[in-house]
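Structural features, examined
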Amino acid sequence: MNHSEAQTTAHSAPDQNPVDRPGVPQEMDPPAPLGNAHWIRPDQQRSEAQPVIGHGRPLTPVYSVENPPRALSGLIRRAAYRVPDYRVRRWVMLMLADRVDVLESNPMRLLRGAALLSVLGLGAYGARRLLRS
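My aim in this report is to walk through the structure given alongside it, one point at a time. All figures in this text were calculated on a predicted structure; none of them were measured in a lab.

**Let's talk about a nonpolar patch on the surface**
A surface patch of nonpolar side chains, amounting to about 290 Å² of accessible area, comprises Val-88, Val-92 and Met-95. For Val-88, the position within the fold is in helix 3 (residues 88-105). Given a relative accessible area of 62%, Val-88 falls into the exposed group.

**Quick notes on the packing of aromatic side chains**
Considering all chains together, one arrives at 0 aromatic pairs under this definition. For Arg-90, the ring lying beneath its charged end belongs to Trp-91, and the centroid distance is 5.3 Å.

**Here's the deal with the layout of surface pockets**
Considered as a void within the structure, the largest pocket measures approximately 240 Å³ in volume. What lines the largest pocket is a set of 15 residues, among which Val-52, Ser-64, Asn-67, Pro-68 and Pro-69 lie closest to the centre. Its residues assigned to classes, the lining of the largest pocket comprises 8 nonpolar, 4 polar and 3 charged.

**Focus on the pattern of salt bridges**
If charged atoms from side chains of opposite charge come close, those side chains can pair. Per the counting criterion, the structure on display carries 3 salt bridges. For Arg-90, the salt bridge goes to Asp-85, with nearest N and O atoms at 2.2 Å. By relative accessible area, Arg-90 is classed as buried at 4%.

Rules behind the numbers
- Residues numbered from 1 in each chain as written.
- Predicted model: local features only at pLDDT ≥ 70, side-chain atom pairs only at ≥ 80, totals over all residues.
- Heavy atoms only, no water.
- Patch = residues over 30% accessible without salt bridge, like charges linked within 9 Å, V, L, I, M, F, W, Y side chains within 5 Å.
- Areas by Shrake-Rupley, 256 points an atom, 1.4 Å probe, with all protein chains shown as cover.
- Salt bridge = Lys/Arg side-chain N within 4 Å of Asp/Glu carboxyl O.
- Helix = DSSP H or I, 4+ residues; strand = E, 2+ residues; numbered from the N terminus.
- Buried < 20%, exposed > 50% of the residue type's maximum accessible area, 1.4 Å probe, protein only.
- Phe/Tyr/Trp six-rings, centres within 6.5 Å; stacked < 30°, edge-to-face > 60°.
- Lys NZ or Arg CZ within 6 Å of the ring centre and 35° of its normal.
- 1 Å grid on protein atoms, 1.4 Å probe; cavity = no way out; pocket = protein on both sides within 12 Å on 5 of 7 lines; lining within 4 Å.
- Points joined across faces, edges and corners; volume = space filled by probe spheres on them.
- Nonpolar A, V, L, I, M, F, W, Y, C, P; charged D, E, K, R; others polar.

Put into structure tokens, the structure is as follows:
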């Protein structure tokens, strides 16, 4: 390693000279929390759509219901959350729910898949009839 390489590696991001670092004016020395919250725990969020959470787990004060579970993927997800965390079945069901949600959100993909399956099914049925005769 020559002198110029050693010089560039010595002054990489956190080790740079504080004068050259853009975040330094905002940093506090020593670090301290900013502002004073008027609460110890935030108020419970209220919404019409109830999030899907695991059995026996408390609902956090703030949560997202931007994409609530719907249709078949929502049913699979709700069933998965009734299974304990340590079971593989729960995680497989959650992954399946994700895949089903992708198909539900893109109806053209679902129609293409259904058409492909029907063509394959008809082909298998025809091949079986040909082999029997």
